[in-house]
Amino acid sequence: MSNGLKTSLLQVIDSHTGGEPTRMVVAGGPDLGSGPMSERARLLREEHDWLRRSVCLEPRGHDAMVGALLTQPHEEDCLTGIIFFNNLSTLHMCIHGTIGVMATLAHRGDISVGAHRLDTPVGVVTAHLREDGSVEVANVPSYRLAADVEVEVPDWGTIRGDIAWGGNWFFLIENQGPPVEFAQLEKLTSFTQAVSRQLKARNITGSDGAEIDHIEVFAPPLKGSGADSRNFVLCPGGAYDRSPCGTGTSAKLACLFADGKLAPGQIWKQAGILGTQFHGSIELLPDGKVLPRVSGWAWVTGESTYYFHPDDPFRHGIASPC
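The residue numbering used here restarts from 1 in each chain and proceeds along that chain's sequence as written. Whole-chain, interface and lining totals are the exception, using all residues; otherwise, since this is a predicted model, local features are given only for residues with pLDDT of at least 70 and side-chain atom pairs are given and counted only at 80 or more. The basis for every side-chain value is the complete set of heavy atoms in the structure, and neither hydrogens nor water enter the calculation.

Focus: the nonpolar core
Turning to step 1, where the next piece is worked out: One finds Phe 84, Val 137, Phe 171, Ile 173, Val 195, Leu 199 and Phe 232 to be the most contacted residues of the largest nonpolar core, which totals 51 residues.
Turning to step 2, where the next piece is worked out: Two residues qualify as a contact provided that any one of their heavy atoms is within 4.5 Å of a heavy atom in the partner residue. In contact with Ile 173, other than residues within four places in its own chain, are Ile 159, Arg 160, Phe 191, Val 195, Ile 215, Glu 216, Val 217 and Phe 218.
Turning to step 3, where the next piece is worked out: Of all hydrophobic cores here, the second largest spans 18 residues; its members include Val 12, Ala 41, Cys 56 and Phe 85. In this text, buried Ala, Val, Leu, Ile, Met, Phe, Trp, Tyr and Cys residues form a nonpolar core when linked through side-chain atoms within 4.5 Å. Accessible area is worked out with a 1.4 Å probe on protein chains only. A residue is then buried under 20% of its type maximum, exposed over 50%, and partly exposed in between.

Side note on unusual backbone geometry
Turning to step 1, where the next piece is worked out: With an omega of 10°, the peptide bond running from Glu 58 to Pro 59 counts as cis.
Turning to step 2, where the next piece is worked out: Note on placement: Pro 59 falls in the loop between helix H2 (49-56) and strand E3 (67-71).
Turning to step 3, where the next piece is worked out: Positive phi outside glycine occurs at Cys 245, with the angle close to 70°.
Turning to step 4, where the next piece is worked out: Considering the arrangement of structural elements, one finds Cys 245 in the loop between strand E13 (229-234) and helix H5 (246-258).
Turning to step 5, where the next piece is worked out: By relative accessible area, which is 3% here, Cys 245 ends up buried. In this description a helix means any DSSP run of H or I spanning at least four residues, a strand means any run of E spanning at least two, and both kinds are numbered starting from the N terminus.

Focus: helix H4 (residues 185-201)
Turning to step 1, where the next piece is worked out: By this rule the span expected of a helix is its residue count minus one, scaled by 1.5 Å. The terminal C-alpha atoms of H4 lie 24 Å apart, and with 17 residues this matches the ideal 24 Å at 1.5 Å per residue to within 8%.
Turning to step 2, where the next piece is worked out: Along H4, the residues classified as buried are Leu 185, Leu 188, Thr 189, Phe 191, Thr 192, Ala 194, Val 195, Ser 196, Gln 198 and Leu 199.
Turning to step 3, where the next piece is worked out: Among the structural elements, strand E9 (143-153), strand E10 (157-165), strand E11 (169-174), strand E12 (214-219) and E13 are those in contact with the buried residues of H4.
Turning to step 4, where the next piece is worked out: A positive backbone phi angle near 55° is found at Asn 203, which sits one or two residues after H4.

What to know about H2
Turning to step 1, where the next piece is worked out: In terms of residue burial, H2 counts as a mostly covered element, since seven of its eight residues are buried.
Turning to step 2, where the next piece is worked out: Of the residues making up H2, those classed as buried are Trp 50, Leu 51, Arg 52, Arg 53, Ser 54, Val 55 and Cys 56.

Rendered as structure tokens:
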């Protein structure tokens, strides 16, 4: 069949982590070779994009869907390699997705309680499956690149934010923009998209010119929630993160540490726009960066087999017309 598809079906298992979906491909994915995970992610993105479109786009997927392809790891001491992707492209790293993958592997009986090393395009992370079913992810080293960066946003004036790396690049905004409330989703999406456009227009980037593809807005938590903060995260592709965003929480932890507001080992409870929480802490690394540890819960929701009929014009997803 076309677009590199070598089998007539694809098997997936769905889960959600704090409301954010993960769709793990368990059979039928392409052969990406044996190179480093960053190279395999490039191959998936450039030569086998049918997989991402089939999994994340309509009619099978939706804007918020995140896919996870498991491969043989490049690093020999790892359980598996993982490449995450969404409605736009591949992702550097995804903690909610890692938690979802671990819950799915446990559901299948593939792993037991304990620590498991996972090979990703941005490095090896360690995920610990706990006795109670929750998962803690020791993420990649994270840090704040710049503080109080100003950007002029139409209808909002001067917006200040921090630029930080937590496995993806974030622009973190505190107490500016619309209220961080579920009822304000449309306004929050419009605001963060406007911020994203202005960052691109002014060439404000992460290290080495890397695109800042996540915008994160913070506000005080709801009373009685037990959280330390509440956020809204705009993901690349235009959807909002239903979970508190694990890489975003990592970036937040790095900023808190840089401001002297979080000590190593101290627990930070980050609530997302739906009220679900991730718990995070940091370990200080010798180079001044921090190693975030983020924990949460995921639930398996179903299994599917996808068929690819040659005469189906949308067998590989509904993409924008050329």
